[in-house]
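Notes for the structure review
Here is what each chain is made of, one letter per residue.
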Amino acid sequence: VAACRVLRRLSCPTVAPARPTPMFTPSIISSNMATGTIEVSKQRFEELLESEVVHFARALRPHPMTLQQILHLQDAKSLREFLLEELPIRYARRVQLIESLSRWSDFPHMRVIRSLYFDAFRKLRAVPPEEEERFRSMLQDIKRRNANMLFHVMRGVRTMRAKHALSEEQVNRFLDEFLTARIGTDILSSQYLAITKPDSPTSVVTPDCDPVDVVRTAAGDAATLCRHHYGWSPPIDIVDVGQVRFPFIKQYLNYIMFELIKNSLRAVVERYGSREAAEAYPIRVVVCGDDDTIVLRVSDCGGGIPLDDMDQVWSYLYTTAKPACEDVSSASDSDDDDNDSDDDRGIAPLAGFGCGLPLSRNYACYVGGWLELHSIPEYGTDTYLYLNRAGNVEEAMPTDIDAHL
Ligand code: ADP
Ligand code: MG
């Protein structure tokens, strides 16, 4: 509640109120004398909604939050009122970001993602704040429908790139902005679903997250995947130096560590060829930190990366594995536990999407962290993940979006 109040206080006074225009104006309502009913012109309604999206994206500003603030958003009513103002602004900006790409509408996957966000905007604008259950199931529905968003957006931009509609630089800039923005709406919606969970209310932010515990889970999952694809998996040592605890979103830390460890496993497997040969070269994960920063380092002796390729590893289009963007289910990064869409999920490849590193960096940067990769060519790679310990850094807002509007 306090965080909501702070946010309201902080909101810019020049900004128009978030629910500025009644959706039904006399010009879009007509009465049908024959049937005695009042009809709203569907087309006019859509036009009005379109112009409302533009207004929300241009005239209103999202409120950046810290993890601590999100953790303390525990009152369902206040959070619902806040989200009914905040989410439409963020979704409207996403629609505009997609539309900022020239020729976007020629590409089916881009049309799909645009319509998913437009629909989410429409639904949020229609739900009255007092309808708690309806709001909750609407958020669940939006989340479920967006579960394959990563697949659609990756396919969309890759096709645009192939048809020369975008340069590689434009692809990377668009994805950085788009995916960063997506993290924010995901967290806020997840927080509402978590605190209103029947029987066991919780929070999307774990207040005393144990990074070593997360690393163990991620390492176990990555090793299982590695064994599935190669028949064996290199050893992994986890070194817990400081027994640090900090407020963080476990799901995101898990995603990053899973991606980094998968990369190391693949490099070691391809370099040594057998468990016996790799035995003397374990992948080592060190977890430590001081009062300000948590550091996780993944080190491997997998042969490193040629220095000339170092810039490329942060591109969403770069992979040295067989490209694996064809499978819908394994491209999804959603692990929403309210979700029932992953029942028939296939086994994911170990590499080949090319987005593990850039997406991990997005998650890290989102709340004041960063990710670095250091290579010793012909020897190995060290990846450093730094995270803000206090959880008091505001979420990164895609700033470039303003330049497109
Ligand atoms: P993917 O794993 O799907 O290829 P990533 O973004 O995770 O995508 O990695 C991009 C590329 O960076 C990999 O294909 C690989 O060439 C290189 N790379 C990343 N981590 C390592 C590592 N630890 N050792 C060697 N090469 C790596
Ligand atoms: Mg990878």
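Structural notes, computed from the coordinates. Everything quoted here is computed from the prediction, not taken from an experiment.

In terms of helices and strands, the chain carries 14 helices and 9 strands. The proportion of buried residues among the 405 residues of the chain is 49%. Sequence-distant contacts, at least 24 apart, represent 79% of the contacts inside the chain between residues at least 6 apart. Only carbon and sulfur atoms are counted for the fraction: they give 51% of the accessible area of the chain, which is about 18,500 Å².

As enumerated under the stated definition, the model contains 4 cavities of 30 Å³ or more in all. Of the voids in this model, the second largest cavity is the one considered here, and its volume is about 130 Å³. Forming the boundary of the second largest cavity are 14 residues, of which Arg-90, Arg-93, Ala-181, Met-397 and Pro-398 lie nearest the centre. Put simply, the parts of the chain that give the lining of the second largest cavity at least two residues each are helix H4 (76-99) and helix H8 (168-195). Broken down by element, the lining of the second largest cavity gets its largest block of residues, 4 residues, from H4.

Residues Phe-174, Phe-178, Leu-253 and Met-257 are the most contacted members of the largest nonpolar core, which totals 112 residues. No other element matches the 12 residues that H4 contributes to this core. Excluding residues within four positions of it along the chain, Leu-253 makes contact with Cys-209, Pro-211, Val-214, Phe-246, Phe-248, Leu-296, Leu-385 and Leu-387.

For the rest of this paragraph, the subject is the packing of helix H6 (residues 132-145) against H8. Close contact between H6 and H8 brings their axes to 10 Å; oriented N to C, the two are set at 135°. Between H6 and H8, the angle is such that the two are oblique. For the pair H6 and H8, the crossing hand works out as left-handed. Facing H6, whose interface residues are Glu-132, Phe-135, Arg-136, Leu-139, Gln-140 and Lys-143, H8 presents Asp-186, Ser-189, Ser-190, Tyr-192 and Leu-193. Tallied by class, residues from the contact of H6 with H8 come to 4 nonpolar, 3 polar and 4 charged.

Conventions we followed
Residues numbered from 1 in each chain as written. Chains lettered and ligands numbered in written order. Predicted model: local features only at pLDDT ≥ 70, side-chain atom pairs only at ≥ 80, totals over all residues. Heavy atoms only, no water. Helix = DSSP H or I, 4+ residues; strand = E, 2+ residues; numbered from the N terminus. Buried < 20%, exposed > 50% of the residue type's maximum accessible area, 1.4 Å probe, protein only. Contact = heavy atoms within 4.5 Å. Areas by Shrake-Rupley, 256 points an atom, 1.4 Å probe, with all protein chains shown as cover. 1 Å grid on protein atoms, 1.4 Å probe; cavity = no way out; pocket = protein on both sides within 12 Å on 5 of 7 lines; lining within 4 Å. Points joined across faces, edges and corners; volume = space filled by probe spheres on them. Core = buried A, V, L, I, M, F, W, Y, C linked by side-chain atoms within 4.5 Å. Axes fitted to C-alpha atoms, helices over the stretch in contact; angles between N-to-C directions. Parallel < 35°, antiparallel > 145°, perpendicular 65-115°, else oblique. Left-handed = near helix turned anticlockwise from the far one by under 90°. Nonpolar A, V, L, I, M, F, W, Y, C, P; charged D, E, K, R; others polar.

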